[in-house]
Amino acid sequence: MTTQVVRPAGAGHESLWVAILSLAIILLAATVISLRSESHEEESIAAHQIDARRDLNAAEQGIHTELVVAFDEILMLQDEQQALPEPQQLAEEGIPPFTNDASTATRGHHAWQLLQVGEDYAYQGLSGDSAVAGSFLLLPSAAGADIWLNRARDAAAPQNLHADALIAAGWRQVASQYDAGVTRQHRH
């Protein structure tokens, strides 16, 4: 009778090969990621501007978004009537932020009016609670909705709707930048 001794397979060699293969996969993945990644430099904005995504609070972002959307409706109504619609008409049409609904109180309870300064027009929403959201200006222009913000408690109707005068009066232009980073960045 012969006895043959069979040794168990060496777990040390198998573990070594699994570790080497895992390390190779990780190195290959890191190399591919580093070669395919793009560096995105953050675009800077002018000193008189404020970034819509990073610098506005939630209430202000909501009003800003509503003003951008309302701008298209305003242009459509302007084409029909051959004049800019009054805020009361926009409210009757149900166009936010001009409506007086539940979100109005949570976003600062703005009082909207159509300003005419010389030949320039603007929709001004004076904030009823500047701690919640600042006052807004929507300047209709051929280039699109030009939106300005003033967080001062005593924000008043500007005497001039040109950029230099608005800046001097404490208004800041809301700039919308769309880059690869869509998540909110916290500045520390």
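Values in this document were obtained by computation on a predicted structure and should not be read as measured data.

As for a negative patch on the surface
Together, Asp72, Glu73, Asp79, Glu80, Glu92 and Glu93 line one region of the surface with negative charge. The dominant element in the negative patch, judged by the number of residues it contributes, is helix H2 (residues 58-81), at four residues.

Focus on the sheet that holds strand E5 (residues 144-150)
If you trace the six strands from one edge of the open sheet to the other, you get E1-E6-E5-E4-E3-E2, paired in mixed fashion. The open sheet has two edge strands with one neighbour each: strand E1 (49-51) and strand E2 (111-117). The sheet shows a mean angle of 30° between the axes of neighbouring strands, taken without regard to direction. Relative to E5, strand E4 (residues 135-141) runs antiparallel, the two being bridged by seven bridges. Residue pairing for E5: Ser135 is matched across the bridge by Asn150. Packing against the sheet, H2 makes contact with E2, strand E3 (120-126), E4, E5 and strand E6 (172-175), and its axis sits at approximately 25° to E4.

A closer look at the pairing of E6
Inspection of the sheet shows E1 paired to E6 by three bridges, in the parallel sense. Counted as the bridge partner of Asp51 is Ala175 from E6. Alignment of E5 against E6, held across two bridges, turns out to be antiparallel. Bridging across to E6, Leu149 finds its partner in Arg172.

Details of the packing of aromatic side chains
Enumeration according to the criterion identifies two aromatic pairs in this entry. Judged by centre distance (5.6 Å) and plane angle (65°), the rings of Phe98 and Tyr123 are edge-to-face. You can see Phe98 sitting in the loop between helix H3 (87-92) and helix H4 (102-106) and its partner Tyr123 sitting in strand E3, a full 25 residues away along the chain. In this pair, the class of Phe98 matches that of Tyr123, namely buried. Among the aromatic side chains, those forming a connected cluster through ring pairs are Phe98, Trp112 and Tyr123.

Remarks on the UniProt feature "transmembrane region" (unreviewed entry) in the protein chain
Mapped onto this numbering, the UniProt entry annotates "transmembrane region" (unreviewed entry) at residues 16-35. Its end C-alpha atoms 29 Å apart, residues 16-35 is made of 100% helix and 0% strand.

Regarding H2
Compared with the 34 Å implied by 1.5 Å per residue over 24 residues, the 34 Å span of H2 between its first and last C-alpha is a close match. A bend of about 25° at Ala70 is the largest found in H2. Looking at H2, one finds that the buried residues are Ala59, Glu60, Gln61, Gly62, Ile63, His64, Glu66, Leu67, Ala70, Phe71, Ile74 and Leu77. Gln82 occupies a position one or two residues after H2 and carries a positive phi of about 60°.

A closer look at the environment of Thr106
For Thr106, the location among the structural elements is in helix H4. Overall, the relative accessible area of 57% leaves Thr106 in the exposed class. Non-local contacts of Thr106, meaning those with residues more than four positions away in its chain, are made with Ala59 and Val132. From its side chain, Thr106 meets the backbone oxygen of Ser103 in a polar contact 3.0 Å long.

Thresholds applied
- Throughout, a residue's number is its position along its own chain's written sequence, starting from 1.
- Local features in this predicted model are restricted to residues of pLDDT 70 or higher, and side-chain atom pairs are both shown and tallied only at a pLDDT of 80 or more, whereas totals for entire chains, interfaces and linings draw on every residue.
- Only hydrogens and water are set aside when side-chain values are computed; all heavy atoms of the structure are taken into account.
- The patch calculation keeps residues exceeding 30% relative accessible area without a salt bridge and links them within 9 Å when they carry like charges or within 5 Å when they are nonpolar (Val, Leu, Ile, Met, Phe, Trp, Tyr).
- Accessible surface is estimated by sampling points in the Shrake-Rupley manner with a 1.4 Å probe; for residues, cover comes only from the protein chains shown.
- Salt bridge, as applied in this entry: a Lys or Arg side-chain nitrogen positioned within 4 Å of an Asp or Glu carboxyl oxygen.
- For this count, His and the chain ends are skipped, Lys and Arg are scored as positive, and Asp and Glu as negative.
- Each charge is placed at NZ for Lys, CZ for Arg, CG for Asp and CD for Glu.
- Helix and strand labels come from DSSP, where a helix needs a run of H or I of at least four residues and a strand needs a run of E of at least two; each type is numbered from the N terminus.
- At least two DSSP bridges between two strands are required for those strands to pair.
- Between N-to-C directions, angles span 0 to 180 degrees; the directions come from axes that are lines fitted to C-alpha atoms, helices contributing only their stretch in contact.
- A contact between two residues is defined here by any heavy atoms of the two lying within 4.5 Å.
- The rule is short: rings of Phe, Tyr and Trp, with Trp giving its six-membered ring, pair when the centres are within 6.5 Å, and they are stacked under 30 degrees, edge-to-face over 60, tilted in between.
- Burial here depends on accessible area, computed with a 1.4 Å probe over protein chains only, as a share of the maximum for the residue type. Under 20% is buried, over 50% is exposed, and the range in between is partly exposed.
- UniProt positions are given in the numbering used here, feature names are shortened, and annotations may be inferred rather than shown by experiment.
- To estimate the expected span of a helix, count its residues, drop one, and scale the result by 1.5 Å.
- Bending is quantified residue by residue as the angle between axes fitted to the seven-residue window ending at that residue and the seven-residue window starting at it.
- Whenever two N or O atoms come within 3.5 Å, that pair is a polar contact, provided that in protein one can donate a hydrogen and the other can accept it, and provided that, for residues adjacent in sequence, both atoms are side-chain atoms.

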